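Descriptive structure summary
Read off the chains here:
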Amino acid sequence: MNNAITLALTGASGAPYALRLLQCLVQADYRVYLLASSAARVVLKTEQQQEWPGSPKDLSAYLCRHYGAKDGQIVACGKEEWFSPVASGSAAPKQMVVCPCSMGTVSAIANGTSDNLLERAADVVIKERGQLILVPRETPFSAIHLENMLKLARLGVTIMPAAPGFYHEPKSIEDLVDFMVARILDHLGVEHALTSRWGYGHH
Ligand SMILES: Cc1cc2nc3c(=O)[nH]c(=O)nc-3n(C[C@H](O)[C@H](O)[C@H](O)COP(=O)(O)O)c2cc1C
């Protein structure tokens, strides 16, 4: 198995991005520590009609089965699982993506709240100077949102809003989703074949 990555889902619209990203990370043979907020589960049900098992153990097994992952390749973690590897700089993966990222979680991360494992995991990646990517989704952004994101960007956090382009002439929602997921994977340095790159085979 390749390196580990932490993937956190929060309650912003955009569950399809997260599911596709998870699938690609599994296919690229990464171990994925998976965190999902309560609101993320509501969004998942609303947007994808998916209801995930409540317990981390059951969720891990369910996702491993669903995505054809190896045993232990997807590790779902509970909200207060403080002994999870992602809770400590000594064990946490150096890369973390919050996708989709709600404005509530943007605020919590910008302020170092660390009130649940998801917020703590992001705090750890920042303090350890790892790679943290946020995929925020809201419109319009208020000055509060923008200030929080600016603060994080200045700390080296990558702000990648869920804003797919249309220059690759998407034909389906899947094309739009893959556009975003390809950009996230590019930033993580994960190989993929989702979209052709700018300047290669375009126009
Ligand atoms: C269907 C649905 C869609 C939502 N979409 C967004 C959104 O796009 N952006 C956002 O910031 N919050 C959105 N929210 C609100 C957040 O889920 C809410 O603020 C929640 O407290 C965020 O908690 P979390 O960051 O712990 O997931 C949405 C909520 C629901 C139920």
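Rules and cut-offs
Residues numbered from 1 in each chain as written. Predicted model: local features only at pLDDT ≥ 70, side-chain atom pairs only at ≥ 80, totals over all residues. Heavy atoms only, no water. UniProt positions renumbered as here; feature names shortened; annotations may be inferred. 1 Å grid on protein atoms, 1.4 Å probe; cavity = no way out; pocket = protein on both sides within 12 Å on 5 of 7 lines; lining within 4 Å. Helix = DSSP H or I, 4+ residues; strand = E, 2+ residues; numbered from the N terminus. Buried < 20%, exposed > 50% of the residue type's maximum accessible area, 1.4 Å probe, protein only. Contact = heavy atoms within 4.5 Å. Pairing = 2+ DSSP bridges. Axes fitted to C-alpha atoms, helices over the stretch in contact; angles between N-to-C directions. Parallel < 35°, antiparallel > 145°, perpendicular 65-115°, else oblique. Nonpolar A, V, L, I, M, F, W, Y, C, P; charged D, E, K, R; others polar. Near = heavy atom within 4 Å. Polar contact = N/O pair within 3.5 Å; in protein donor to acceptor, adjacent residues only side chain to side chain. Areas by Shrake-Rupley, 256 points an atom, 1.4 Å probe, with all protein chains shown as cover. Points joined across faces, edges and corners; volume = space filled by probe spheres on them. Phe/Tyr/Trp six-rings, centres within 6.5 Å; stacked < 30°, edge-to-face > 60°. Expected span 1.5 Å × (residues − 1). Arc of directions from axis to C-beta.

Looking at the UniProt feature "binding site: FMN" (unreviewed entry) in the protein
- With numbering aligned to this structure, UniProt lists the feature "binding site: FMN" (unreviewed entry) at Gly11, Ala12, Ser13, Ser37, Ser102, Met103, Gly104, Thr105 and Arg137. The annotated residues named above include Gly11, Ser37, Ser102 and Thr105 as those lining the largest pocket.
- Inspection of the secondary structure puts Gly11 in the loop between β1 (4-9) and α1 (15-27).
- Among the residues examined, Gly11 registers a relative accessible area of 31% and is labelled partly exposed.
- Excluding residues that lie within four positions of it along the chain, Gly11 makes contacts with Ser37, Ala39, Ala40, Val43 and Ser102.
- By secondary structure assignment, the location of Thr105 is in helix α4 (residues 103-110).
- When residues no more than four places from it in sequence are discounted, the contact partners of Thr105 are Thr10, Val98 and Leu118.

Observations concerning the sheet that holds strand β3 (residues 74-76)
- Ordered by their spatial adjacency, six strands build an open sheet running β3-β2-β1-β4-β5-β6, and the pairing between neighbours is parallel. Where the open sheet ends on each side, the last strands, each with one partner, are β3 and β6 (158-159).
- As judged from the three bridges shared by β1 and strand β4 (residues 95-101), these two strands associate in the parallel manner. Bridge assignment links Leu7 to a residue of β4, and that residue is Val97.
- The strands that helix α7 (residues 173-188) touches are β1, β4, β5 (131-136) and β6; relative to β5, the one it contacts most, it runs at about 165 degrees.

Some words on the packing of α1 against helix α2 (residues 38-48)
- Between α1 and α2, the shortest axis-to-axis distance is 9 Å and the interhelical angle comes to 95 degrees. Compared by their axis directions, α1 and α2 come out roughly perpendicular. Contacts from Ala15, Pro16 and Leu19 in α1 reach Val43, Leu44, Glu47 and Gln48 in α2.
- When grouped by side-chain class, the residues that make up the contact of α1 with α2 number five nonpolar, one polar and one charged.

Describing the site of the ligand
- Around the ligand lies a shell of 13 residues, among which Gly11, Ser37, Ser102, Thr105 and Arg137 are the nearest.
- With respect to the ligand, the backbone of Met103 contributes an N or O atom lying 2.8 Å from an oxygen atom.
- For the ligand, the protein covers 62% of the area, taking 640 Å² as the surface of the free molecule.
- Secondary-structure elements contributing two or more residues to the shell around the ligand are α2 and α4.

Observations concerning empty space enclosed by the protein
- Applying the stated criterion to the full structure yields one cavity of 30 Å³ or more.
- What the largest cavity holds in volume is close to 40 Å³.
- Surrounding the largest cavity, Gly89, Ala92, Pro93, Lys94, Val124, Val125, Glu128 and Gly130 form its lining.
- Its residues placed into classes, the lining of the largest cavity shows four nonpolar, two polar and two charged.

A short note on the packing of aromatic side chains
- Summed over the entire model, instances satisfying the criterion amount to one aromatic pair.
- A ring pair is formed by Tyr167 and Phe179, whose centres lie 5.5 Å apart and whose planes are at 75 degrees; its orientation type is edge-to-face. On the criterion of sequence distance, the pair formed by Tyr167 in the loop between β6 and α7 and Phe179 in helix α7 is long-range, its members being 12 residues apart.
- Here Phe179 falls in the buried class, since its relative accessible area comes to 11%.

Things to note about helix α6 (residues 143-154)
- Here α6 contains 12 residues, and its C-alpha end-to-end distance of 16 Å stays within 8% of the 16 Å for a straight helix at 1.5 Å per residue.
- Within α6 the residues assigned to the buried category are His145, Asn148, Met149 and Leu152. In a view along the axis of α6, the buried residues occupy a sector of 95 degrees, so they form one face of it. For α6, the exposed residues set more than 90 degrees away from the buried face come down to Ala143, Glu147 and Arg154.
- For α6, the secondary structure elements touched by its buried residues are α4, α5 (117-127), β5 and β6.
- At the N-terminal end of α6, a side-chain oxygen is found 3.2 Å from the backbone nitrogen of Ile144, two or three residues along, and the residue is Ser142.
- Just past α6, the residue Gly156 takes up positive phi, approximately 100 degrees.

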